[in-house]
Amino acid sequence: MRRPAATLAAVVALGVGLTGCAKSDPVAGGTEAQTHPVVHAMGTTEVPVHPQRVVVLDSDKIDSALSLGIVPVGTAIASESDGLPTYLGDKVASIKLVGLTTEPDLEAITALKPDLIMGSKFRQEKFYDELSAIAPTVFTDKVGITWKANFLLDGQALGKEQEAKDLMAGYEKRAKEVGTKIGDPAAKKISIVRFRATEIRVYGPDSFSGIVLGDVGLGRTERQLLANKEDKRFDSVSPERISEVDGDVIFVCAFGEKAVVRQTEVTGGNLWRNLSAVKAGKAYTVSDETWMTGIGVTAAGKILDDLEKYLLPA
C-alpha cells in the first residue's frame, strides 16, 4: 500500500542515502561497489554490476531473476489472494511480499535494503521517482508483447546479459524443435481461452502464450488472429457465443478462484460440450501461471512442455 506523505518523506530520505552510496559503498573484501549504466523505459540508471538484494514488482521479473539464478529478496503480487508462482519451485519460499503490482509497499521495500528494483512502466510508472529514491530502479516498458526484449533487459540489469541471451537462444531453438516434432504445426488451429471472474477471453498472436505458439509455428483459429483489432493480445467472448472459441485444439486456463467457478459453469454447459475440440477430447486445462502470468523464459519452457505433452503424435 502507499504510505502517508510524512511517512513517505522518511522513506525517501532513507532511500536517498542508500542510492547515493551505490557507487562507493565498501563491499565484502574492502573493494568498492561497481556500477554500469542501463538504458530502460524511464531513462538511464547506474546499477550494481552484481546486484545482491533485488526487489521485483511483477511476475515476469520473478521469472527473469530466478531463470538467471538470482533469488529476489522481495516481490509484489497481482492481488492479495495470490501466492508466489508455484512453477518456479521452492526457490520462491524465501521471497518477502512487498505489496501489489499496482500498489507496491514502499516501506516494506525500503526495509529490505535493495540494491536494485525492477518493475515496468506499464504497471508502476507513477511510483518510479519514489522507488528510485530507495534504490537504482530499472523499468521495462510494456508487458507480454515485448517479453523477449524485457527478459534481455532484465538480464542486463541483473549483470547476466550473456546468460539471458543464451537462455533465450535455447528457448527459441527448442520451440523450433517442438514444431518439427509436431510435423506440420501450421495445420493445427489452436485456440487459447482464459476464464476470468467477469469475462471470458481469447488470446491472439501478440499475447505471451500466443507468441510462444507462434515460435513453434502453430496455426491459430481465424477468430484468434484478431485481424480486425488494433490490440492483438486478447479479446472477450460472451458465454452465449462460446462457439467462437472452437479450434482443432483448445487450451483453457482460469485466473483466480472465482474464474475457476465460472469455468466450471461454462464448460459444464451444452454449448461448450458441442465444440468440436471438446467432442474430440482435445480441450486441455493448463496452468494460468505459466500460460498467462509467468511471461518469462522459464514459463515459456513450461508452455513448450504442454505442447509436447498434448500435440506430439502418439
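My aim in this report is to walk through the structure given alongside it, one point at a time. What you are looking at is a predicted structure, and each value in this text was computed from that prediction instead of being measured. (Residues numbered from 1 in each chain as written. Predicted model: local features only at pLDDT ≥ 70, side-chain atom pairs only at ≥ 80, totals over all residues. Heavy atoms only, no water.)

**A look at the overall build of the protein**
- Helix and strand counts for the protein come out as 13 helices and 14 strands.
- Across the 314 residues of the protein, 46% fall into the buried class.
- Considering only contacts within the protein whose residues lie at least 6 apart along the sequence, 65% involve residues at least 24 apart.
- Carbon and sulfur atoms form 53% of the exposed surface of the protein, whose accessible area is close to 14500 Å². (Helix = DSSP H or I, 4+ residues; strand = E, 2+ residues; numbered from the N terminus. Buried < 20%, exposed > 50% of the residue type's maximum accessible area, 1.4 Å probe, protein only. Contact = heavy atoms within 4.5 Å. Areas by Shrake-Rupley, 256 points an atom, 1.4 Å probe, with all protein chains shown as cover.)

**Here we look at helix α7 (residues 161-182)**
- The terminal C-alpha atoms of α7, which comprises 22 residues, lie 32 Å apart, in line with the 32 Å expected from a rise of 1.5 Å per residue.
- Ala164, Met168, Tyr171, Ala175, Val178, Gly179 and Ile182 are the residues of α7 that are buried. Take α7 and look down its axis: the buried residues cluster within an arc of 100 degrees, on one side only. Seen from the open side of α7, the exposed residues pointing more than 90 degrees away from its buried face are Lys173, Lys176 and Thr180.
- Phi turns positive one or two residues past the end of α7, at Gly183, with a value near 110 degrees. (Expected span 1.5 Å × (residues − 1). Arc of directions from axis to C-beta.)

**A word on the packing of aromatic side chains**
- Evaluation of the coordinates by the stated rule reveals nine aromatic pairs.
- For the ring pair Phe251 and Tyr284, a centre distance of 6.0 Å and an interplane angle of 40 degrees mean the geometry is tilted. Placement of the pair is Phe251 in strand β13 (residues 249-254) and Tyr284 in strand β14 (residues 283-285), with a sequence separation of 33 residues. Each of the two residues, Phe251 as well as Tyr284, counts as buried.
- Summarising the aromatic geometry, the rings of Phe251 and Tyr310 are spaced 6.1 Å apart at their centres and angled 55 degrees between planes, so their arrangement reads as tilted. In this pair, Phe251 sits in strand β13 while Tyr310 sits in helix α13 (residues 297-311), placing the two residues 59 residues apart along the sequence.
- The exposure class assigned to Phe251 is buried, which follows from its relative accessible area of 1%.
- Three or more aromatic residues link up through ring pairs in this structure, and these residues are Phe251, Tyr284, Trp291 and Tyr310.
- Here the basic side chain of Arg201 rests over the ring of Phe234, its NZ or CZ set 3.9 Å away from the ring centre. (Phe/Tyr/Trp six-rings, centres within 6.5 Å; stacked < 30°, edge-to-face > 60°. Lys NZ or Arg CZ within 6 Å of the ring centre and 35° of its normal.)

**Thoughts on the pairing of strand β12 (residues 234-237)**
- The side-chain alternation of β12 yields one buried face, formed by Asp235 and Val237, and one unburied face, formed by Phe234 and Ser236.
- Direction of pairing for strand β10 (residues 200-203) relative to β12: antiparallel, over a ladder of four bridges. By the bridge assignment, Arg201 is partnered in β12 with Ser236. (Pairing = 2+ DSSP bridges.)

**Section: the environment of Lys181**
- Tracing the backbone through its elements, the reader meets Lys181 in helix α7.
- A sequence separation of 35 residues divides Lys181 from Val216, and the C-alpha atoms of the two residues are 10.0 Å apart.
- With residues up to four places along the chain from it excluded, the contact list for Lys181 reads Glu308, Leu312 and Pro313.

**A short note on the sheet that holds strand β8 (residues 137-140)**
- Sheet architecture is open: six strands sit in the order β6-β5-β4-β3-β7-β8, paired in mixed fashion. Looking at strand neighbours, the two that pair on one side only are β6 (103-104) and β8, the edges of this open sheet.
- As paired elements, strand β7 (residues 116-120) and β8 share four bridges and run parallel to each other. Counterpart to Met118 in the pairing with β8 is Val138.
- Lying over the sheet, helix α6 (residues 147-157) contacts β7 and β8, oriented at roughly 170 degrees with respect to β8. (Axes fitted to C-alpha atoms, helices over the stretch in contact; angles between N-to-C directions.)

**Focus on the nonpolar core**
- Among the nonpolar cores identified, the biggest contains 52 residues, and Trp147, Tyr171, Phe251, Trp291 and Leu307 are the most heavily contacted of them.
- When residues no more than four places from it in sequence are discounted, the contact partners of Leu307 are Val178, Leu213, Val216, Leu218, Phe251, Trp291 and Leu312. (Core = buried A, V, L, I, M, F, W, Y, C linked by side-chain atoms within 4.5 Å.)

**Let's talk about unusual backbone geometry**
- Of note in this structure, Lys113 is not a glycine but carries a positive phi near 50 degrees.
- Mapped onto the fold, Lys113 is located in the loop between α3 (106-111) and β7.
- Assessed through its relative accessible area of 57%, Lys113 is described here as exposed.

**Describing the pattern of salt bridges**
- Within this structure, the stated rule accounts for 19 salt bridges.
- When salt bridges with common partners are traced through the structure, they connect Arg223, Lys229, Asp235, Arg241 and Glu244 into a single cluster. (Salt bridge = Lys/Arg side-chain N within 4 Å of Asp/Glu carboxyl O.)

**With respect to the environment of Ser209**
- By the secondary structure assignment, Ser209 is in helix α8 (residues 208-216).
- Note: C-alpha distance between Ser209 and Ile192 (17 residues apart in sequence) is 8.3 Å.
- Contacts of Ser209, omitting those with residues within four sequence positions, involve Ile192, Trp291, Met292 and Ile303.

**Structural notes on the pairing of β13**
- Of all six residues in β13, six are buried, a share of seventy percent or more.
- Alternating positions in β13 separate into two faces, Val249, Phe251 and Cys253 on one and Ile250, Val252 and Ala254 on the other, with burial throughout.
- Across six bridges, strand β9 (residues 189-195) lies against β13 in parallel orientation. Residue pairing across strands places Ser191 opposite Ile250, the latter belonging to β13.
- Relative to β14, β13 is paired through three bridges, and the arrangement is parallel. Bridging across to β14, Phe251 finds its partner in Tyr284.

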